[in-house]
Amino acid sequence: MFVASSVRSLPRQWLCSTAFVLCGVLAQPAVAVTPTPTPGPAYALQVGYLQDAGEGLYEVQVNPENALVMTAVIDRAKASDDVGFVYAFDIGTMEPRWKTAMPHQSFSLAQDTVNNKLFVGHGKNKPLRISRVNVVTGELEQTGPRLTVQPEGFEGTEGLRHMIYVPEANVLFVVYSSTSSEQTGKQKSHKLLVVDPQSLEVIGEVEGAYPSTGYALSYDPTEKMLYTAGQFINKIDPISRKVVGSVDVSAANPSITNILGLAVDSANNRVFAAHNIFRSEGEDDGVYVFDLKTGKQLAFVRTGRGSISVSYDPVREQAYVANFRAGTISVINGKDYQVSRQFTIGPLPNEMALDSSNNQLFVGLKEVYSPNSSTGDFVAGAKERLLKVNLPVR
């Protein structure tokens with residue numbers, strides 16, 4: 001219950017079957033908007049590749065107005081050089097429209113769709129900066145100063161995770177985490193920072209957004225509320241920047257230890273929470289469903305090892321789950337909470353972006369030796385890719 005409180009042409013290769021299309025990439029800048037394509041067969045899959053086998057993709061954002069799907073990318077082969085990019089793929093051909101070099105490794109993304117701005121979080125290798133990119137042209141407009149969170153002299157690790165731009169508040173909400181050095185007891189801190197979209201500087205913090213370890217951040221545009229989660233689920237008013245409610249998950253079955261992703265179904269007052277016990281065998285990896293009014297647990301669905309992200313589709317009344325270590329994407333029926341379809345992808349599905357109105361789901365696929373790794377332990381010569389799933393037309 002809630003309680004107050006992102007050249008040269010490369011050859012195109014096609015590998016086609018009834019349900020699978022693999023596309024080679026064409027890297028070139030372009031500003032023309034491609035019309036939204038006619039939907040293909042239901043659940044047909046199409047892939048766009050990163051250009052370099054040393055690159056690794058992370059968060060994904062879809063921009064239907066400009067027919068683009070964008071992904072944050074790092075150069076894993078040159079990790080010590082702190083090299084990053086943003087790719088923008090055409091949602092029809094899944095070939096790159098533009099690729100923009102970033103001053104640091106790129107991890108998280110957020111959008112101001114009204115003004116065609118993409119915010120890029122540089123949260124790896126401790127740069128702790130945010131850049132702003134023009135979505136239409138791919139131009140890097142600005143990189144902000146290092147976000148100051150800890151006092152001078154802090155020793156330890158710091159990082160940025162997910163970000164969300166809230167238009168009603170005209171601010172960015174950014175997940176920050178840190179662990180102090182062993183000398184100071186390796187104390188952990190998790191915060192929800194408030195960042196100005198123009199100066200790209202910290203202008204505040206939401207107190208109590210992360211009362212304990214947590215990384216999940218989601219926004220419900222219908223109710224205009226933010227949600228955070230870890231071993232908890234909090235509801236936050238982005239205007240007042242205060243925690244205005246919470247779901248008591250202490251009695252959840254199985255026990256909750258690490259919620260990594262959230263998706264809100266505001267029409268039915270539900271939240272879908274992807275649970276992932278890192279390095280476990282996956283018995284308790286899957287998706288919880290809670291009633292947002294009463295706090296009652298409605299279901300727990302075991303979808304597969306490493307359930308890392310979840311999206312809810314109100315048009316088809318189903319949830320999509322990326323199971324990182326199982327190498328699958330699960331489709332959960334929103335009425336009976338059964339897994340109605342499961343795709344065995346092979347590569348490791350990670351972050352997702354849903355364009356429900358245009359019947360498309362986008363999933364980042366990683367290539368690493370170990371399903372326990374997502375960074376340096378990559379497969380030499382294997383290009384990471386972005387998967388498009390055509391959803392049934394309703």
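Above this note sits the structure.
What you are looking at is a predicted structure, and each value in this text was computed from that prediction instead of being measured.

Draft legend 1. Structural detail: the overall build of the chain. What the chain contains, in helices and strands, is 0 helices and 30 strands. Out of the 394 residues in the chain, the part that is buried amounts to 58%. For the chain, the accessible area works out to roughly 16,000 Å², and carbon and sulfur atoms hold 48% of it.

Draft legend 2. The arrangement of the sheet that holds strand E16 (residues 214–220) in detail. The strand order E16-E17-E18-E19 describes an open sheet built from 4 strands, whose pairing is antiparallel. Among the strands making up the open sheet, the edge pair consists of E16 and strand E19 (242–247). Adjacent strand axes in the sheet meet at a mean angle of 25°, parallel and antiparallel pairs treated alike. Here strand E17 (residues 225–230) pairs with strand E18 (residues 233–237) via 4 bridges, running antiparallel.

Draft legend 3. Expanded view of the packing of aromatic side chains. Using the criterion set out here, one finds 8 aromatic pairs in the structure. Ring plane angle 15° and centroid distance 5.6 Å describe the contact between Tyr-87 and Phe-89, whose orientation is recorded as stacked. Across the pair, exposure class does not vary: Tyr-87 and Phe-89 are buried alike. Feature note: the residues Tyr-288, Phe-290 and Phe-300 constitute an aromatic cluster, connected by ring pairs. Positioned above the aromatic ring of Phe-85 is the side chain of Lys-99, whose terminal nitrogen or guanidinium carbon lies 4.4 Å from the ring centre. Sitting over the face of the ring of Tyr-215, Arg-161 holds its NZ or CZ atom 4.6 Å from the ring centroid.

What counts and what doesn't
Residues numbered from 1 in each chain as written. Predicted model: local features only at pLDDT ≥ 70, side-chain atom pairs only at ≥ 80, totals over all residues. Heavy atoms only, no water. Helix = DSSP H or I, 4+ residues; strand = E, 2+ residues; numbered from the N terminus. Buried < 20%, exposed > 50% of the residue type's maximum accessible area, 1.4 Å probe, protein only. Areas by Shrake-Rupley, 256 points an atom, 1.4 Å probe, with all protein chains shown as cover. Pairing = 2+ DSSP bridges. Axes fitted to C-alpha atoms, helices over the stretch in contact; angles between N-to-C directions. Phe/Tyr/Trp six-rings, centres within 6.5 Å; stacked < 30°, edge-to-face > 60°. Lys NZ or Arg CZ within 6 Å of the ring centre and 35° of its normal.

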